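# Summary of the model geometry
This is what each chain is made of:
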Amino acid sequence: MGQTSLQRLVCLTSLLSCTTNQASLTVSPSSSQMFEDESVSLSCEEDDSSAGWTLRRNTSDETRAECGADWGKLAGSSCIISVTVSWHSGVYWCESREGATSKSITISVTGGSVILQSPVLPVMEGHDVTLHCKTKTSSNLPAAFYKDGSFIRTEPAGHMTIRHVTRSDEGLYKCDITGHGESPPSWLTVTGQEVTFDFRSSFIQIVT
């Protein structure tokens, strides 16, 4: 009996992605917190424009709301919120016509006087990360920093750098500027090294 050679693309569990079309959501300015009356731009950076990625969000009064139709203004591949308000706080993500989704991000818009500027995307283990505590008019006032409700230290210039982050640095951070108030809390996510595989140009041959 003869043997038939089959060439198949095989996804290895936990190592390889089964999705050929992917997108990542980027935000400018890159911060998980922002003041009201600011402008923010969100973009779906895609590796295949034919996938038809759409920017969506969930807020306290919207579910899967689409940029350009329900909120924001489309400008090329970007979605612009020209004036932020508190109800823009929510979870944002990119979604393709086939239903594939990017990693989601959480944005908090506050009417308060202090924000904590922290990375909106996960930070890779081993990298440095700087948290900025600022008011609408100043970004270099002395600020006290907290993690998971516990005081860390006070920084005279209003920014704190965590060197070579590890998973133990993951947590809920906030800051306080005397005479101005406290920021909302923000979750800092720390992630490990990712394994990537371009199987558009590679395959595993299986012989049966």
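Structure shown above.
Okay, so let's go over this structure.

## Observations regarding the overall build of the protein chain
- Summing up its helical and strand segments, the protein chain has 0 helices and 21 strands in all.
- Out of the 208 residues in the protein chain, the part that is buried amounts to 36%.
- Considering only contacts in the protein chain between residues 6 or more positions apart, those separated by 24 or more positions represent 60%.
- When the accessible area of the protein chain is evaluated, it comes to approximately 11,900 Å², of which 50% is carbon and sulfur surface.

## A closer look at the layout of surface pockets
- Here the second largest pocket defines a volume of roughly 320 Å³.
- Contributing to the lining of the second largest pocket are 17 residues, with Ile 105, Thr 106, Val 120, Trp 187 and Thr 189 lying nearest its centre.
- Those elements that place two or more of their residues in the lining of the second largest pocket are β10 (105-110) and β19 (186-188).
- With 4 residues, β10 is the largest single contributor of residues to the lining of the second largest pocket.
- Split by residue class, the lining of the second largest pocket holds 9 nonpolar, 7 polar and 1 charged.

## Description of the pattern of salt bridges
- According to the stated counting rule, one finds 9 salt bridges in the structure shown.
- Across the pair Asp 128 and Arg 163 runs a salt bridge whose closest N-O atoms are separated by 3.1 Å. With a gap of 35 residues between them, Asp 128 in the loop between β12 (123-124) and β13 (129-135) and Arg 163 in the loop between β16 (159-162) and β17 (171-177) connect regions that are remote in the sequence.
- According to the relative accessible area criterion, Arg 163 is exposed, its value standing at 57%.
- With a shortest N-O distance of 3.4 Å, Glu 182 and Lys 174 are connected by a salt bridge.

## Overview of the pairing of strand β4 (residues 40-46)
- The buried count for β4 comes to 5 of 7 residues, which makes it a mostly enclosed element.
- Sheet topology places strand β2 (residues 23-28) next to β4; 6 bridges connect them, and they run antiparallel. If you follow Val 27 over to β4, its bridge partner there is Leu 42.
- Where β4 meets strand β8 (residues 78-81), 4 bridges bridge the pair, whose relative direction is antiparallel. Within β8, the position partnered with Ser 43 by the bridge is Ser 78.

## Here's the deal with the sheet that holds β2
- The strand order across the open sheet formed by 4 strands is β2-β4-β8-β7, and the pairing between neighbours is antiparallel. Unpaired on one side and paired on the other, β2 and β7 (73-75) mark the two borders of the sheet. Along the sheet, successive strands turn relative to each other by an average axial angle of 25°, direction set aside.
- Sheet analysis places β7 next to β8, joined by 3 bridges and oriented antiparallel. Its bridge partner lying in β8, Ala 75 is registered against Ser 78.

## Considerations on the state of the cysteines
- With the rule as written, the count across this model stands at 3 disulfides.
- Here Cys 44 pairs with Cys 94 through a disulfide, and the sulfurs are 2.2 Å apart. Measuring handedness by torsion sign, the sulfur bridge of Cys 44 and Cys 94 sits at about -105° and is left-handed. In this pair, Cys 44 sits in strand β4 while Cys 94 sits in strand β9 (residues 90-95), placing the two residues 50 residues apart along the sequence. Across the pair, exposure class does not vary: Cys 44 and Cys 94 are buried alike.
- Shown here is the disulfide that connects Cys 67 with Cys 79, its sulfur atoms set 1.9 Å apart. On the sign convention where negative means left-handed, the S-S torsion of about 100° between Cys 67 and Cys 79 marks this disulfide as right-handed. Here the residue Cys 67 occupies a position in the loop between β6 (65-66) and β7, and Cys 79 occupies one in strand β8, the gap between them amounting to 12 residues.
- For the protein chain, the disulfide bridges join cysteines in the arrangement 1-4, 2-3, 5-6, where the cysteines are counted in sequence order.

Conventions and cut-offs
- Residues numbered from 1 in each chain as written.
- Predicted model: local features only at pLDDT ≥ 70, side-chain atom pairs only at ≥ 80, totals over all residues.
- Heavy atoms only, no water.
- Helix = DSSP H or I, 4+ residues; strand = E, 2+ residues; numbered from the N terminus.
- Buried < 20%, exposed > 50% of the residue type's maximum accessible area, 1.4 Å probe, protein only.
- Contact = heavy atoms within 4.5 Å.
- Areas by Shrake-Rupley, 256 points an atom, 1.4 Å probe, with all protein chains shown as cover.
- 1 Å grid on protein atoms, 1.4 Å probe; cavity = no way out; pocket = protein on both sides within 12 Å on 5 of 7 lines; lining within 4 Å.
- Points joined across faces, edges and corners; volume = space filled by probe spheres on them.
- Nonpolar A, V, L, I, M, F, W, Y, C, P; charged D, E, K, R; others polar.
- Salt bridge = Lys/Arg side-chain N within 4 Å of Asp/Glu carboxyl O.
- Pairing = 2+ DSSP bridges.
- Axes fitted to C-alpha atoms, helices over the stretch in contact; angles between N-to-C directions.
- Disulfide = S-S within 2.5 Å.

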